[in-house]
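# Descriptive analysis of the structure
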Amino acid sequence: MTRIEELPNGMAAEAMGDKTAWFGDGDAVGSRGIVSESPGRKPKKKRKRQYGAEEEKSEVPQDPLEVFGSDMMMMILSYLDAPSVALSLLVSRGWHGVASSDRLWSSKGSLAPLQGECPHCEELWSGKAHIPRISLARGLSKLAAYSSSVMDGNRIRITKDDLCDHVWNFHYNGGAPEYWRNLDPYWKGTGPPMRRYFHPDGSQTADPGDQVWGGHECCYSIVTSIVGEGRIREHYVRINRWPQMSVFRKPDWSWEMSNHLYCYSSIPDADKEGGTGPRFPVF
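Residues numbered from 1 in each chain as written. Predicted model: local features only at pLDDT ≥ 70, side-chain atom pairs only at ≥ 80, totals over all residues. Heavy atoms only, no water.

Take unusual backbone geometry next. Unusually for a residue other than glycine, Asn240 sits at a positive phi of about 50°. When you line up the elements, Asn240 lands in the loop between strand 8 (232-239) and strand 9 (245-249). Here Asn240 falls in the partly exposed class, since its relative accessible area comes to 26%. The backbone of Trp253 shows a phi angle near 75°, a positive value even though the residue is not glycine. (Helix = DSSP H or I, 4+ residues; strand = E, 2+ residues; numbered from the N terminus. Buried < 20%, exposed > 50% of the residue type's maximum accessible area, 1.4 Å probe, protein only.)

Pasting the structure below:
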């Protein structure tokens, strides 16, 4: 700021007489001798630093796929779990091409020397009681096999293929008569559980010499009631005229059907050639 004492004598006198003096550059001097800018004057624009644009350009994020290349990105993705690799499919077409490669989704791909294994499908199937037949179809990519396995593993609707492909353990529940439970090795602990077999013609059989079976004719039926938007309202399996059995899917993808009298449990058969279950997606 400029004080009046610093001004020439003529300007100082004029400023003291009129209380406020205006100068050619638009500045004004008040009665206290302080110079201020004119209200109508536009503020001076500050010049941008020349290197500001260069800094902004350097901060623009770059696609790692363009920086590292597809081979390096495939090696990086091979260290991720399957859900993370699946999310990378949504980034762009280029990422989809890399992340959908069978080298990432098979355990014996060409990336094996880099990581030892890339066991996405095998890791998913490990410990499962049944491997879906639909995921082992010929010509199916490993990514499609993984996706179809997840979808089938979440399926709660049982089909005739499921019933006929598996061997089933059978035992009575606590609500059954004591006489029946006394014949059941599950309750007596005298031997392996009884087994039941479903056939495509709708019949059911048991092992020879089964004391409970008795050789009588037996058939089964699957009942499914679907309401709006494909929601299942009712789904059960019935043997002859006996009470209907509710259907459950376990975390290991095995099946269980039961009522208050008896229970059926599918026996694990993950090593069965060609897989088990329906040949087409079931919703």
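Moving on, we come to the side chain of His171. You can see His171 is positioned in strand 4 (residues 167-172). Each residue touching His171, except ones within four places of it in the same chain, is listed here: Asp184, Tyr186, Tyr262 and Cys263. (Contact = heavy atoms within 4.5 Å.)

It is worth spelling out the confidence of the model for the protein chain at this point. Chain-level pLDDT for the protein chain is 78 on average; 73% of the residues reach the 70-or-more range. Ranking the elements of the protein chain by mean pLDDT puts helix 8 (residues 112-115) last, at 38, and strand 10 (residues 255-258) first, at 98. Of the regions scoring below 50 in pLDDT, residues 1-7 engages in 18 contacts with residues more than four places distant in sequence or in other chains. Residue range residues 107-118 is modelled with pLDDT below 50. Its contacts to residues more than four positions away, or to other chains, number 19 contacts. (pLDDT = per-residue confidence, 0-100.)

Looking now at the pattern of salt bridges. When charged atoms on two side chains of opposite charge get close, those side chains can pair. Summed over all chains, the structure comprises six salt bridges. For Asp152, the salt bridge is made with Arg155, and the minimal N-O distance between the two is 3.1 Å. Given a relative accessible area of 10%, Asp152 falls into the buried group. Of the residues examined, Arg155 reaches a relative accessible area of 5% and is grouped as buried. Taken together, the salt bridges that share partners define one network made up of Asp152, Arg155, Asp162 and Arg249. (Salt bridge = Lys/Arg side-chain N within 4 Å of Asp/Glu carboxyl O.)

Turning next to the layout of surface pockets. Here the largest pocket defines a volume of roughly 280 Å³. Around the largest pocket, the lining comprises 17 residues; the ones closest to its centre are Phe170, Tyr172, Val212, His216 and Trp242. Those elements that provide at least two residues to the lining of the largest pocket are strand 4, helix 12 (178-182) and strand 11 (262-266). For the lining of the largest pocket, the per-class residue count stands at twelve nonpolar, four polar and one charged. (1 Å grid on protein atoms, 1.4 Å probe; cavity = no way out; pocket = protein on both sides within 12 Å on 5 of 7 lines; lining within 4 Å. Points joined across faces, edges and corners; volume = space filled by probe spheres on them. Nonpolar A, V, L, I, M, F, W, Y, C, P; charged D, E, K, R; others polar.)

Now for the sheet that holds strand 7 (residues 220-226). Pairing is antiparallel across the open sheet formed by eight strands, whose spatial order is 6-5-4-11-10-9-8-7. Across the chains shown, the open sheet's two edge strands, defined by having one partner strand only, are strand 6 (204-206) and strand 7. Strand after strand, the sheet turns through a mean of 30° between neighbouring axes, direction not considered. (Pairing = 2+ DSSP bridges. Axes fitted to C-alpha atoms, helices over the stretch in contact; angles between N-to-C directions.)

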